[in-house]
Each structure stands twice: as C-alpha cells, then as structure tokens.
Amino acid sequence: MRKVLAINEIRDLLAPDTEFHPAGADRFNVPATEDGVQIDFLYPTALPIGSDGNPFVVGSGYRSLKRSHPLYAALGLASHAHIYLHAGDFDERIGDQRDRLSFRDVAEATSVAVIANWEKGHEPTLPGGLDSDFAKRMHAVYYDRIETADENRYNADAWVFPIHTDACRELLGGALYDMAKIDATEEAAGEVFENTRRAIVPIMRAYVDDVLFPRLDEDLENYTFAYHGGKVTLVFCPDFDKSENYAVDEFPLTLDGTQQLAALIEEIAFRQKYTGKP
C-alpha cells in the first residue's frame, strides 16, 4: 500500500536540513556529494506505508542531530560539534571495539551508539566515562574517547546505551522516531526503489575503484577488494596465494556503505602508521 504525497509533504519524512527538489510530476530528487562523487537519489512521490501507518523514505537512517538537540548540552558540547546516532545490538563480551556494535533497523535494535565529534581545543565541558552523571542516567554500557592523528582537527567521544529505557526515550525520543521513519530496508520498499538501487550500485563501485582503491596502494599494505553483486568486501591478504587471506568486513554499495568502508580504511591506515600492525 502506498500514499501519494505532495512535494511539500516530503519534507516531514526526511532528516532535518535535507536538500531535495521536485523532479517531474511524480518524483523528487535528494542530491548528495561525497568526495566529489555526485549522486542523485530519485524517489517517487507515491511512497510505501510503514508499520506506523505513515509513508517512509528508504535511506541510511538518521545520521546527525540538529545543533539545538538537548544531547549537546547533556554532553557539554559546543554548538559546532557533531553528534551521530547508530542503532544496533551491542555485545560487551567482544573484545574488539569495532565489532561490538552490529547495526540494526531501529525497530529491532537493542542499543544506540552516540558518536560525538568535537574540535580539538573545544573538549566537552562535562566529564565523560562510565562513572559520570550522564552515563549513570543513561545506563551507558560503553564509553571511549577517540583521539585522532594530529592532522585531523576532530576528536570524538563514543557512547553506547540501551535504546528501550525511559532515559533514552526521554532524551532521544524524537530522533529515534525519525530514525524509525527513514531506516526502512530496500526489501520493505520493494520494486518502488529498485531503479534507484540499480543506479547507485555502479556509481558507488566507481567510487570504490577510483577513490578508495588508490588508498590501499598508498596507505595500506596487504589489502584488496572483492565484489559480490551489490556488495564490496575488504580482504586482508598477507600472501595472495595462501589460506591466511580473510574477509575483514563487507559493505553494501550504497552511499552509507561506502562511507563506512572509507572510515574502516582510515582506521586501519591510522593503526598501521602508529602501531606498525596490519
């Protein structure tokens, strides 16, 4: 079942400040640019109805919070900081920080990760850590301060806390609702967005080949890519002919997926530079 929306009604379904334009009588365009790659997301105005009875737009979820959101004050952050949310399942038994959070649709998630990026020299004015008042109020299960290389002017605080608590709903309720509205899967949307998906995959593969692959030659050792349909896998190859080769992680060929892949490459490059480990 679908509902036809007027173009001005689309605004309520998109994340705040999202740019969009009419693209004919029955479509709208959400432009995006990442590292010089221009992508036009073309969506029909006849949108599928979600489980809450409202139309939804397929997307990569709620990426960032408005500067006016109370979470900035709760963390003691300056207005020019950036806060990103990711819904998922958190397993504190897993040793590697990156593998602890597996991403999920917000409707199925048990945890929410909060990544607060702030400029060096503008540290949060309120203390972090699991012993802080904020952590106790939010029942935080994980905290880490991520200090980046000198040439990067941002550091970050990473938090994880349960998503279905009163404290979480009180602080992030509106943002969680927005995430639920737009974090629908391509499968749920069905054929409505199939043409968009087909258009994005070759664009993002070209982005991986032309932008990210040169990074492997420049900054990383013993890594390569493998493609499987609409996904790309980063592969560690200590010896290209031996069984020690293994897949590090797999990402969909979407804007969000390739951004995560780029972030992983940055993380590995940083680790190799400062620890000498692959």
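Residues numbered from 1 in each chain as written. Predicted model: local features only at pLDDT ≥ 70, side-chain atom pairs only at ≥ 80, totals over all residues. Heavy atoms only, no water.

Engineer: An account of the overall build of the chain is requested, with residue identities and associated values reported.
Structural biologist: Per the secondary structure count, the chain includes six helices and 13 strands. Of all 278 residues assigned to the chain, the portion counted as buried reaches 41%. For the chain, long-range pairs separated by at least 24 residues make up 54% of all intrachain contacts whose partners lie at least 6 apart in sequence. Per element, the accessible surface of the chain, about 15200 Å² overall, is 49% carbon and sulfur. (Helix = DSSP H or I, 4+ residues; strand = E, 2+ residues; numbered from the N terminus. Buried < 20%, exposed > 50% of the residue type's maximum accessible area, 1.4 Å probe, protein only. Contact = heavy atoms within 4.5 Å. Areas by Shrake-Rupley, 256 points an atom, 1.4 Å probe, with all protein chains shown as cover.)

Engineer: Help me get a handle on the sheet that holds strand β12 (residues 231–236), residues and values and all.
Structural biologist: In space, the three strands of this open sheet follow the order β11-β12-β13, with antiparallel pairing throughout. Of all strands in the sheet, those bounded by a partner on one side alone are β11 (223–228) and β13 (246–252). Across the sheet, the mean angle separating the axes of adjacent strands is 25° when strand polarity is ignored. Both β12 and β13 contribute to a ladder of six bridges, which runs antiparallel. The residue of β13 that forms the bridge with V232 is F251. (Pairing = 2+ DSSP bridges. Axes fitted to C-alpha atoms, helices over the stretch in contact; angles between N-to-C directions.)

Engineer: Account for the environment of T258, naming residues and giving values.
Structural biologist: Within the secondary structure, T258 is located in helix α6 (residues 255–275). For T258, a relative accessible area of 1% puts it in the buried group. As for T258 and L212, which are separated by 46 residues in sequence, their C-alpha atoms are 9.0 Å apart. Here T258 is in contact with M204, Y207, V208, L212, P252 and L253, once residues within four sequence places are set aside.

Engineer: Run through the nonpolar core, naming residues and quoting values.
Structural biologist: L212, F225, L234 and L261 are the most contacted members of the largest nonpolar core, which has 32 residues in total. The residues touching L212, leaving out its near neighbours within four places in the chain, are Y207, F225, T258, L261, A262 and I265. Counting residues in hydrophobic clusters, the runner-up holds 31 residues, among them V106, V114, W159 and A167. (Core = buried A, V, L, I, M, F, W, Y, C linked by side-chain atoms within 4.5 Å.)

Engineer: Now, about the packing of aromatic side chains: what can you tell me, with residues and values included?
Structural biologist: Applying the stated criterion across every chain, the model contains eight aromatic pairs. Taking 4.5 Å as the distance between ring centres and 55° as the angle between the ring planes, the aromatic pair formed by Y143 and W159 counts as tilted. Pair noted here: Y143 is in strand β9 (residues 142–146) and W159 is in strand β10 (residues 154–162), with a separation of 16 residues, a long-range link. Taking the centre distance of 6.2 Å and the plane angle of 50° together, the rings of F213 and F225 count as tilted. Of this pair, F213 sits in helix α5 (residues 194–219) while F225 sits in strand β11, and the two are 12 residues apart along the sequence. Taken together through their ring pairs, the aromatic side chains of F134, Y143, W159 and F161 make up a single cluster. In this arrangement the basic side chain of R205 is found over the ring face of Y227, its NZ or CZ atom lying 3.5 Å from the centre. (Phe/Tyr/Trp six-rings, centres within 6.5 Å; stacked < 30°, edge-to-face > 60°. Lys NZ or Arg CZ within 6 Å of the ring centre and 35° of its normal.)

Engineer: Tell me about the pairing of β12, and please be specific about residues and values.
Structural biologist: Counting buried positions along β12 yields five of six residues, so the element is predominantly enclosed. Bridge analysis of β11 against β12 gives six bridges, and the strand direction is antiparallel. For A226, the partnering residue across the bridge sits in β12 and is T233. The turn linking β11 back onto β12 is made up of two residues, and G229 within it adopts a positive phi angle of 60°.

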